[in-house]
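Residue-level listing of the chains:
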Amino acid sequence: MTLRIGPAVTDAFPDTRIAVVTATGLRGHEPWPATAAAVQELEQRLADGVWRPADETDPRIEAWHTAYRSFGTNPRRVRPSVDALGRRMAKKGTLPRVNPAVDSYNTVSVRHALPAGAFDLDQVVGDIDIRHAEGAEEFTPLGEPDTVENPKAGEIIYTDAVGVLTRHWNHRDAHRTRVTEDSTRVAFVLETVHATRDGHLLEAAADELRDLLDPHADLTAVHHLSAAHPDADLAGGFTERP
């Protein structure tokens, strides 16, 4: 199984870099105390007024707004995932609790102001491509198993051989490949379209996520995609951590 970013996407966004953290043998039904502590710490820092989630005035979020506009999506109506997550946390004072794996990447995402998502690899068919939509592809949104949408032509999507895995690059994940407590093989993605400035944050975020996953997985690995290295072999990429 390969995850690749298409040349048309890297031509349009040449400073894109994507970290892919893969984990196999995940144990989602056991307690994840480090993740629970990380979520609580972030919420406490917000409550104490010493930290706030990045908003659209932050260069990291602003870069995604610019990217969305370039492929015809209004980012104030259809927000990048990290923007929506940060706004929700700022309003409610808490992060949503979904399951340990999702809570882990949500925490890392909002802490570093980088979009994040994940795919249950046992539900993925064939390879995963990041490309511009043609407009006829089908997408079933997370939590809406009876809904079918078609992305707009030119919209950036993640897709496999069956259908769309995310719309608007990272706005929303698909229901089919959602990560649950039962997921045992998962690819987590963290993204930036401004690696020259934020590449060090991406690396730190990937390491932080891997640290949260490691105690609850048999094997983990980190891959990096860019214009120079546009694909990663996920099936063969599981290795012991040094």
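Scroll up to find the structure this text is about.
Reading the values: the criteria
Residues numbered from 1 in each chain as written. Predicted model: local features only at pLDDT ≥ 70, side-chain atom pairs only at ≥ 80, totals over all residues. Heavy atoms only, no water. Buried < 20%, exposed > 50% of the residue type's maximum accessible area, 1.4 Å probe, protein only. Helix = DSSP H or I, 4+ residues; strand = E, 2+ residues; numbered from the N terminus. Pairing = 2+ DSSP bridges. Phe/Tyr/Trp six-rings, centres within 6.5 Å; stacked < 30°, edge-to-face > 60°. Axes fitted to C-alpha atoms, helices over the stretch in contact; angles between N-to-C directions. Left-handed = near helix turned anticlockwise from the far one by under 90°. Contact = heavy atoms within 4.5 Å. Nonpolar A, V, L, I, M, F, W, Y, C, P; charged D, E, K, R; others polar. Core = buried A, V, L, I, M, F, W, Y, C linked by side-chain atoms within 4.5 Å.

Peer 1: What exactly am I supposed to notice about the pairing of strand β3 (residues 116-120) here?
Peer 2: As a general feature of sheets, a regular strand has side chains that alternate between the two faces. In terms of residue burial, β3 counts as a mostly covered element, since 5 of its 5 residues are buried. Every second residue of β3 is oriented toward a common face, with A116, A118 and D120 on one face and G117 and F119 on the other, all of them buried. Judged from the 5 bridges that link them, β3 and strand β8 (residues 185-192) form a sheet pairing that is antiparallel. Paired with D120 across the bridge in β8 is V186.

Peer 1: How should the packing of aromatic side chains be read in this particular structure?
Peer 2: Aromatic ring pairs: the centre-centre distance and the angle between the two ring planes describe each pair. If you walk through the whole model with that rule in mind, you get 5 aromatic pairs. Between the aromatic rings of Y68 and F71, the centroid separation amounts to 5.3 Å while the plane-to-plane angle is 45°, which identifies the pairing as tilted. Residues Y68 and F71 agree in their burial class; the two are buried. Relative to Y158, the ring of F119 has its centre 5.4 Å away and its plane inclined at 45°; by these criteria the two rings are tilted. Placement of F119 in strand β3 and of Y158 in strand β5 (residues 156-159) is noted, with a sequence separation of 39 residues between them. Taken individually, F119 and Y158 each receive the classification buried, so the pair is uniform in this respect. Joined through ring pairs, the aromatic side chains of F13, W64 and W169 make up one cluster.

Peer 1: Teacher, can you tell me more about unusual backbone geometry here?
Peer 2: For residues other than glycine, phi is negative in most cases, and the peptide bonds are mostly trans. Located in the positive-phi region is A113, a residue other than glycine, with phi close to 55°. Here A113 is to be found in the loop between α5 (100-112) and β3. A residue is classified by how much of its surface remains accessible, and A113, at 2% relative accessible area, is buried.

Peer 1: Got a minute to help me understand the packing of helix α3 (residues 59-70) against helix α6 (residues 195-213) in this structure?
Peer 2: When two helices pack together, their arrangement is captured by the angle between the axes and the distance separating the axes. Viewed as axis vectors pointing N to C, α3 and α6 meet at an angle of 115°, and their least axial separation amounts to 11 Å. Where α3 crosses over α6, the handedness of that crossing is left-handed. Note on element contacts: α6 touches α3 through R197, D198 and L201, opposite P59, R60 and A63. Taken together, the residues of the contact of α3 with α6 break down into 3 nonpolar, no polar and 3 charged.

Peer 1: I tried to follow the nonpolar core on my own but got confused; where do I start?
Peer 2: When a protein is soluble and globular, its nonpolar side chains tend to lie buried together. With 26 residues, the main nonpolar core has L3, I18, V20, I128, Y158 and W169 as its most contacted residues. For this core, the elements supplying multiple residues, two or more each, are β1 (2-5), β2 (17-24), α3, β4 (128-132), β5 and β8. Counting residues per element, this core draws most heavily on α3, at 4 residues. The contacts of Y158, once residues within four sequence positions are left out, are I18, F119, I128, D129, I130, V164, L165, T166, W169, V189 and E191. The next biggest cluster of nonpolar side chains, apart from the first, holds 24 residues, and it includes A116, A118, F188 and L213.

Peer 1: I keep staring at the environment of A206 and nothing clicks. Help me out?
Peer 2: For A206, the position within the fold is in helix α6. Distance in space between the C-alpha atoms of A206 and S109 is 9.7 Å, their sequence separation being 97 residues.

Peer 1: Please clarify how the environment of H112 should be interpreted in this entry.
Peer 2: By secondary structure assignment, the location of H112 is in helix α5. Judged by relative accessible area, H112 falls into the buried class, the value being 12%. The spacing of H112 and G163 is 51 residues in sequence and 30 Å in space, taken between C-alpha atoms. Those residues in contact with H112 that lie beyond four places of it in its chain are R60, L201, A204, A205 and E208.

Honestly, it's all geometry; don't read function into it.
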